[in-house]
Each structure stands twice: as C-alpha cells, then as structure tokens.
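Take a look at the letters that make up each chain.
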Amino acid sequence: MSPPAEKVPETAENDEKSEKIEPIEEPGKSGDISVETTVEGAQEYFKTKKMRFGPIDYQIVTQNLNGPCPLIAIMNALVLKGKITLGKDYVLPATGLIELLSNLILAKEPAEKEQKEIYESNVDAVIRLMPKLVNGLDVNVKFSSISSFEFTPALSLFDLVAVDLYHVWLPDPQFPDQFRLISALNYNELAEKVCINDETVETQIIKGFYEDSISQITFQGLASLLQTMKDGDIAVVFQNNHFSTIHKRRNEIFKLVSDEGLADEPEIVWETFSSVDGDSIFVNADFNNFKPTPQPAPTVPQGSTVIHSTIEHQDDVEIGVEARPSSAPPTSEQQAPPTYEPSGSTSSRIPTSSGIQKTSYHHQNVTTPRGSQERKGDSGKNCVLM
C-alpha cells in the first residue's frame, strides 16, 4: 500500500498575510511596536537556524538551556505554518519575537460584534501575559484527554494564534481503578493527593501513577496523540515541563530540534517522538536518519619523513622517527571515527500497530547524542505546571 498523501503546510510564500520580522542591525535597537513588549529582566537574544521543510527553507528560533520554551515553540509552529517569517539574522532579540507575535494576534480581530467582544477580552489578558513568555508559562493539565487543560490566559494565546496544544500524560483504561481516579483530576489536584501521608488504596494508586510517569508521558498519551493529530499537522506539546513544536508525518510524530547547540548542524532537523523512555533518533529534513560526517584522516606535513615499523602488528607511525613496538597495538576499532551509536543496539525502529513503541529504541543508526539528551530532564526551566 502506498503511503498516504502528505498534507502540504501553508507557506509564507503563498500567504499574503504572513508577518515578517525585519533584520536587527544592532542589539538593543528595535523599531516602534504596537503593544507593550517589555521583557521581564534583562534582554535576551536567541540564535536562529535555517532548515528545510518540504521544498521551502525556513528560519527558526533555537533555545538555550534556560530559554523561553513556550515562546520558541509557538513561534516555530507559526513559522512552519507559514503565518510568520523571521529575518535571516543569526541572532534575534526576545522583544522582536514578542512584537511579531503580538502584531499577529492584533491582526486577527474579527468583524462580527459578538465575536469581537470575546476576542478583545482574550487579547487583553494575552497581551499582559506576553512579557512573561520569556520566563515561562504555567499550565495545569487535565488527565481526561491530551487536549484538556485548566483554562488560563495561556490557553487563550494558543487559541488566538490557532496552534493546538497537547500533552501526553494520560492514565491507561486497561487499569480501571487507576483510570477512574486519575482521569477525574488535574495536575494540581493530583499533586495534593500525592502529598497526603496515608496508606489508603486510593492514595497508593495515585502515587503509583505519578511515580511511574514522572516525565509526564505515558503509552496511552502517545497513542492518543498519534490518533488525534492528522497527517501534516503542526502543533505544540507540553511534556516534561517543556514546550516543543511537533509534526505528524506518515503515522509518526516528530519533535522539531531547536537546541541552540545544534543551530549549526543543518542535517539534524527533527527527532522521533514515540518512546516513553526518552529515547529518540535524529532525522534530517527528509526524515531520514542522521549520519555524522566521518572525521577526515590526519595529514602528514609536507617534507616530513614517515617510517613504518616492520614489526608484525605494529601500527605506530611517527614523523621522522622510527616506530617502536607497543605493548597493546591499537585495533581498527580504536582508529575508527567516533559515532553516536548506542552500545548494544541491534534491532530496527519498528512501530507497533498503534504507532507507539512500548520499549526503548534500539537502532543501528544514529540516536540522540548524550549531550542533547540532557535537555529532556532539565530544559524548559520555568515552563512548569501550576
């Protein structure tokens, strides 16, 4: 069976209303803005990255360790939807991003009087929220569905820019008692019950769910996300106290890689999002597994004399000096360039019937480097649950 046709995303080239941020000539200097965009604390700047999505090149925002994950996730989702366009500057200020987002919201004012009143009420709350986007965003998930959150101005922001917000923290209906207790709660209520010091069956069930899904992700949540999103959709997911831009392609979910440390790596664009263990595989713009470029072999300076030892198994090479035997000759594996392959990985990435793996990825190709995995536990600082 041929793969289903992909949904072609809206692009900035065919969207006449696409907003654009102009290049920043000097840090700290910006044009007039239509709303208050003062950022709480010191001004922050963020690197951009050029990436290809389909046939079009886009400029996205990257995030440092303590960057404003909700602002970046929303901006990148809007960029890939073709609603806004970032300049080609290597660095952009936080105030410029907030200004661009604010102007996009103000341009969506409806013509109907009844809708206009609701819109103005929501916009007023969202505009006051804007400066806080740099420091984070409080949300309170509900465990009834992946799109259920307690209503706050933060949710109005996602509604006004037409970006879907999901989480992947759901109880499993295969465990009726747990499902009945957890699905009726939100996170704040769950936290209160977890802190109760008693030994009742109800409290132990709730504590067990919390401890087993401490990263705010479950198999049921991933399966529901895969079922809810349509092919070609772009959205934002809240997981492990972090907001990320996600995309569904051919029955698989991918997270946009927005780490600042990978801003200069054009071949790392997305990472798979189908494991509750945090394992993922980097892929390029064509959604093929990322393969590191082999390290070039060292070159011998011109005019130097290279003398090889005639001793059996001796691989030492010294410039201008006769090689000497060593106690432990290096093997070919020691001479090979480093790769990102996990130790002991043997099997291929094969999704289950629901499209979600219930075990960690084991793949002979390249997986997420250890350095990048650090953000799964500590990135998204201040992007916390209420």
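Residues numbered from 1 in each chain as written. Predicted model: local features only at pLDDT ≥ 70, side-chain atom pairs only at ≥ 80, totals over all residues. Heavy atoms only, no water.

**So, the overall build of the protein**
For step 1, the next point in the chain: What the protein contains, in helices and strands, is 11 helices and 13 strands.
For step 2, the next point in the chain: Classification of the 386 residues of the protein by burial places 46% in the buried group.
For step 3, the next point in the chain: Of the contacts made within the protein by residues no fewer than 6 positions apart, 63% connect residues no fewer than 24 positions apart. (Helix = DSSP H or I, 4+ residues; strand = E, 2+ residues; numbered from the N terminus. Buried < 20%, exposed > 50% of the residue type's maximum accessible area, 1.4 Å probe, protein only. Contact = heavy atoms within 4.5 Å.)

**A few points about the packing of helix α6 (residues 187–194) against helix α7 (residues 201–212)**
For step 1, the next point in the chain: Packing of α6 against α7 brings their axes to within 9 Å, and their N-to-C directions diverge by 120 degrees. When the interaxial angle is binned, α6 and α7 end up oblique. Crossing of α6 over α7 shows left-handed handedness. Across the interface between the two elements, Tyr-187, Leu-190, Lys-193 and Val-194 from α6 touch Glu-202, Thr-203, Ile-206, Lys-207 and Tyr-210 from α7.
For step 2, the next point in the chain: Its residues placed into classes, the contact of α6 with α7 shows five nonpolar, one polar and three charged. (Axes fitted to C-alpha atoms, helices over the stretch in contact; angles between N-to-C directions. Parallel < 35°, antiparallel > 145°, perpendicular 65-115°, else oblique. Left-handed = near helix turned anticlockwise from the far one by under 90°. Nonpolar A, V, L, I, M, F, W, Y, C, P; charged D, E, K, R; others polar.)

**Description of the sheet that holds strand β9 (residues 253–256)**
For step 1, the next point in the chain: Pairing within the open sheet is mixed, and its six strands lie in the order β6-β7-β8-β9-β10-β11. The open sheet has two free edges, formed respectively by β6 (165–167) and β11 (282–283), since each of these has just one partner strand.
For step 2, the next point in the chain: Of the strand pairs in this sheet, strand β10 (residues 270–272) and β11 are connected by two bridges, and their pairing is antiparallel. Paired with Glu-271 across the bridge in β11 is Phe-282. (Pairing = 2+ DSSP bridges.)

**With respect to the pairing of strand β3 (residues 56–61)**
For step 1, the next point in the chain: Across the six residues that make up β3, a large majority, five, are buried.
For step 2, the next point in the chain: Inspection of the sheet shows strand β2 (residues 45–53) paired to β3 by six bridges, in the antiparallel sense. Within β3, the position partnered with Arg-52 by the bridge is Asp-57.
For step 3, the next point in the chain: Connecting the antiparallel pair β2 and β3 is a turn made up of two residues, with Gly-54 showing a positive phi of about 70 degrees.

**Regarding the nonpolar core**
For step 1, the next point in the chain: Formed by 66 residues in total, the largest nonpolar core has its most connected members in Leu-101, Phe-243 and Trp-270.
For step 2, the next point in the chain: Tallying contributions element by element places helix α1 (residues 69–81) first for this core, with 10 residues.
For step 3, the next point in the chain: Leu-101 has contacts with Leu-71, Ile-74, Met-75, Leu-78, Met-130, Leu-133, Leu-157 and Val-161, leaving out every residue within four places of it along the chain. (Core = buried A, V, L, I, M, F, W, Y, C linked by side-chain atoms within 4.5 Å.)

**Regarding the side chain of Lys-207**
For step 1, the next point in the chain: Inspection of the secondary structure assignment puts Lys-207 in helix α7.
For step 2, the next point in the chain: Those residues in contact with Lys-207, other than ones at most four positions away along the chain, are Lys-193, Val-194, Ile-196 and Asp-198.

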